[in-house]
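Structural overview for review
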Amino acid sequence: MTVYNGVDYLREAIEGVLEQTLEDFEFLIIDDASTDDSVALIRSYPDRRIRLVLNEENIGQAASLNKGLSLARGRYIARLDQDDACLPARLREQVRLHEAHPDVTVSCTWEYTIDSSGRRVREWKAGIDDFGGYVGMLALGLVPVWHPSAMFHRETVLELGGYDPSFAPAEDYELWWRIAMARGNGAIVPQFLVLQRVHGARQSVTRRSIQEANTRRAHEKFIGEFSGPADAEVLGFLLRMETGFWKACRSRGLSRTLKGLPAMLDSVVRKLELSKAEATSLRRTIYRRLGPGVRLGAEASLPALFLYPALVGLSPMLVSPFRRAAAFLKRTLPELRYRFLSKQGS
């Protein structure tokens, strides 16, 4: 079995960009004070589109992204991590989407997850119906646009202040929220155009607890824009379906906690000036994930005797054992499917 390292991954990343069918682009590479042979590898490619920038010291991904933003000259920024890879049509298809939909500030593509040897182990497919759906995903504490394949308007993101390093490594989620607050939309190209590599040294693995804490902090910051700081924490627990929701209900009351949700959604509709169709999409996105039990409890007056069974029966994902089991199945079944298909094909 071949053993891969960071330089092997970088080679695949560089060659995937250089082989794009859209050829008119600037390839800006920020080397964040690497200590391996990365710089030598980059300099071995004589392509005039490559601009190599060397950080004198390691400043981290978010600060390096901001540095790239300040140096870039193109209309759109397409970012790529050094351990991922692009398929040839990525830039062409994302630019085509942005040109056809000027309201879209940020986009991504469908992605394959690959392991350390480059074998596909699962796929990521999703869609965003409209601006209401984009905001709805953010309100749930979810990332509607995947960072590994993100493309966005450079000037718009610069005007918003770029990435906020204090939220790293969840700086993408916090930025997508600020884009939404400025009425920028998100979209997904329904084609597999990026290979996202999973390995033990990836930030989402090594800094997972920090990423989750900063996502939670960013989530509650923006929920507070529509509900008030006093309710942001409790509604954050509910929308993220965390166990803190049940603890909060013991002091606030279950019915009162749930009633804050439709009030918050009404505020989102007003402040972001959602159309009727977008408002419908927002609520559909929220209640589809939380379940009909939450909607029933939020919009109807039920005594606690009936409300608790309704939540457990109609919104089981609020209950930790159900959610853990669902998360396990969602994570493992696609991987088992790919392993089975690969064995069948061998």
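Refer to the structure presented above.
Quantities reported herein were computed from a predicted structural model and do not represent experimental measurements. In every chain, residue numbers begin from 1 and rise along the written sequence. Owing to the predicted nature of the model, reporting of local features is limited to residues with pLDDT of at least 70; listing and counting of side-chain atom pairs is limited to 80 or more, with chain, interface and lining totals taken over all residues. Note: side-chain values were computed over all heavy atoms of the structure, leaving out hydrogens and water.

Attention now moves to the packing of aromatic side chains. Any two rings among Phe, Tyr and Trp, with Trp reduced to its six-membered ring, count as a pair given centres within 6.5 Å; such a pair is stacked if its planes are under 30 degrees apart, edge-to-face if over 60, and tilted if neither. Summed over the entire model, instances satisfying the criterion amount to 10 aromatic pairs. Connected via pairs of aromatic rings, a cluster forms that spans W110, Y112 and F192. Charge-over-ring placement is defined geometrically: NZ (Lys) or CZ (Arg) within 6 Å of the ring centre, and within 35 degrees of the ring normal. Looking at R122, its charged tip hangs above the ring of W124, at a distance of 4.0 Å from the centre. The lysine or arginine in question, R217, covers the ring of F167, its NZ or CZ lying 4.1 Å from the ring centre.

Nonpolar cores are built from buried Ala, Val, Leu, Ile, Met, Phe, Trp, Tyr and Cys residues. Side-chain atoms within 4.5 Å join them into one set. Exposed residues in this analysis have more than 50% of their type's maximum accessible area, buried residues have under 20%, and partly exposed residues fall in between, with area computed by a 1.4 Å probe over protein chains only. Residues Y134, W176 and L261 are the most contacted members of the largest nonpolar core, which totals 65 residues. Helix numbers and strand numbers start at the N terminus; a helix is a DSSP run of H or I with at least 4 residues, a strand a run of E with at least 2. Considering each element in turn, this core owes the most residues, 7 residues, to helix α12 (residues 254–271).

Our next topic: helix α9 (residues 208–227). If you check α9, its first and last C-alpha atoms are 28 Å apart, about what 20 residues at 1.5 Å a residue would give, namely 28 Å. Taken together, the buried positions of α9 are occupied by N214, T215, A218, H219, F222, I223, G224, F226 and S227. For this analysis, residues touch if any pair of their heavy atoms sits within 4.5 Å. Buried residues along α9 sit against α5 (131–139), α7 (171–181), α10 (229–240) and α12. Of the residues flanking the end of α9, it is G228, one or two places downstream, whose phi is positive at about 90 degrees. To estimate the expected span of a helix, subtract one from its residue number and multiply by 1.5 Å.

One can find L52 in strand β2 (residues 50–54). Residue L52 is classed as partly exposed on the basis of its relative accessible area, which comes to 26%. For the pair L52 and A327, spaced 275 residues apart in the sequence, the C-alpha separation amounts to 40 Å. When neighbours within four sequence positions are excluded, L52 is seen to be in contact with I29, D31, V39, I42 and R43.

Attention shifts here to the pairing of strand β5 (residues 104–114). With 11 of its 11 residues buried, β5 lies for the most part within the structure. Any two strands between which DSSP finds at least two bridges are classified as paired. Sheet analysis places β5 next to strand β8 (residues 185–197), joined by 10 bridges and oriented parallel. Each residue of the ladder has a partner; that of T109, found in β8, is V189. In the sheet, β5 pairs with strand β7 (residues 151–153) via 2 bridges, with the strands oriented antiparallel. Along β7, the bridge assignment pairs V106 with F152. As judged from the 4 bridges shared by β5 and strand β6 (residues 120–124), these two strands associate in the antiparallel manner. Bridge assignment links T113 to a residue of β6, and that residue is R122.

What follows covers the pairing of strand β1 (residues 27–31). Alternating residues of β1 divide into F27, I29 and D31, all buried, and L28 and I30, none buried. In this sheet, β2 lies alongside β1 in parallel orientation, the contact comprising 5 bridges. Along β2, the bridge assignment pairs L28 with R51. Assignment of crossover handedness uses the view with strands pointing away from the viewer, where a clockwise path from the first strand over the helix to the second indicates a right-handed crossover. Following the chain from β1 across helix α2 (residues 38–43) to the adjacent parallel β2, one finds a crossover that is right-handed.

Attention now moves to the packing of α5 against α7. Contact pair α5 / α7: the axes reach a minimum separation of 10 Å and the direction vectors enclose 140 degrees. As the angle between them shows, α5 and α7 are arranged oblique. Classified by chirality, the crossing of α7 by α5 is left-handed. Contacts from F131, Y134, V135, L138 and A139 in α5 reach Y173, W176, W177, I179 and A180 in α7. Looking at the contact of α5 with α7 residue by residue, the classes come out as 10 nonpolar, no polar and no charged. Axis definition: a line fit to C-alpha positions, over the contact stretch in the case of helices; interaxial angles, taken between N-to-C directions, run 0 to 180 degrees. When describing relative orientation, an angle under 35 degrees is termed roughly parallel and one over 145 degrees roughly antiparallel, while 65 to 115 degrees is termed roughly perpendicular and anything else oblique. If you view the pair so one helix is near and one far, a crossing is left-handed when the near helix is turned anticlockwise from the far one by less than a right angle, and right-handed when it is turned clockwise. Ten residue types, Ala, Val, Leu, Ile, Met, Phe, Trp, Tyr, Cys and Pro, are classed as nonpolar, four, Asp, Glu, Lys and Arg, as charged, and the remainder, Gly among them, as polar.

That's the geometry; what it means functionally is another story.
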